[in-house]
Amino acid sequence: LSSFLVQLSSYMEFIHMESMIENEDWNAEGHASRSESHTVVICISQRNIDQIERILTVVSDPVHPQYGQHLSFDEVVNMTSNSEASMHVEAVLLEHNIEVLKKTRHGEYITARASIAKW
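Residue numbers here run from 1 along each chain, matching the order of that chain's written sequence. Given that this is a predicted model, residues contribute local features only at a pLDDT of at least 70 and side-chain atom pairs are listed and counted only at 80 or more, while totals for whole chains, interfaces and linings are drawn from all residues. Water and hydrogen atoms were dropped before computing side-chain values, which therefore reflect all heavy atoms in the structure.

**With respect to the side chain of T80**
A run of H or I in DSSP counts as a helix once it spans at least four residues, and a run of E counts as a strand once it spans at least two, with each numbered from the N terminus. Relative to the helices and strands, T80 is located in helix α3 (residues 73-80). Here the term buried applies to any residue with accessible area under 20% of the maximum for its type, exposed to any over 50%, and partly exposed to those in between, with areas from a 1.4 Å probe on protein chains only. By relative accessible area, which is 6% here, T80 ends up buried. For T80, the side chain forms a polar contact with the main-chain oxygen of V76, separated by 2.8 Å. Contacts: residue pairs with any heavy atoms within 4.5 Å of one another. In this structure, T80 is in contact with Q46, R47, I49 and I52, ignoring residues within four places of it in sequence. Each polar contact in these results corresponds to two N or O atoms within 3.5 Å; when the atoms are within protein, one needs to be able to donate a hydrogen and the other to accept it, and residues that are neighboring in sequence are counted only if both atoms are side-chain atoms.

**A word on the pattern of salt bridges**
Just to be clear on terms, a salt bridge is a Lys or Arg side-chain nitrogen sitting within 4 Å of an Asp or Glu carboxyl oxygen. In total, this model carries two salt bridges according to the counting rule given. E90 is the partner of K103 in a salt bridge, and the nearest nitrogen-oxygen pair spans 3.0 Å. Linking K103 in strand β3 (residues 99-103) with E90 in helix α4 (residues 83-95), this pair joins segments that are 13 residues apart in sequence. Among the salt bridges present, the one from R113 reaches E99, with a minimum N-O distance of 3.1 Å. Placement of R113 in strand β4 (residues 109-115) and of E99 in strand β3 is noted, with a sequence separation of 14 residues between them. A relative accessible area of 32% means that R113 is categorised as partly exposed. A residue is classified by how much of its surface remains accessible, and E99, at 39% relative accessible area, is partly exposed.

Everything listed here is a matter of geometry and, on its own, says nothing about what the molecule does.
Structure, rendered in structure tokens:
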């Protein structure tokens, strides 16, 4: 296990990991070169999803007094963004000389590239 992943393990509660489903058209041709570049997208777990689900249920119920009082995009972002985790993950990436290619406006996704050996 790379030192990068070991260091990130303390923040795993903030990162959503999902494995890719193999495509039946793919052919295994052996191991990739350790020097080959590999790009990954890291999804930072959002906060307060349970509250957002509760609000969604209430504003979608025609008999509830708050029916139709939907949150604005900015209100949802303020409730769910996890800037602390996003900043920490980005710092760890940079500390390990992993190139950060892109970060979404609210830090929920970070796209990074490094050699397979680093991952």
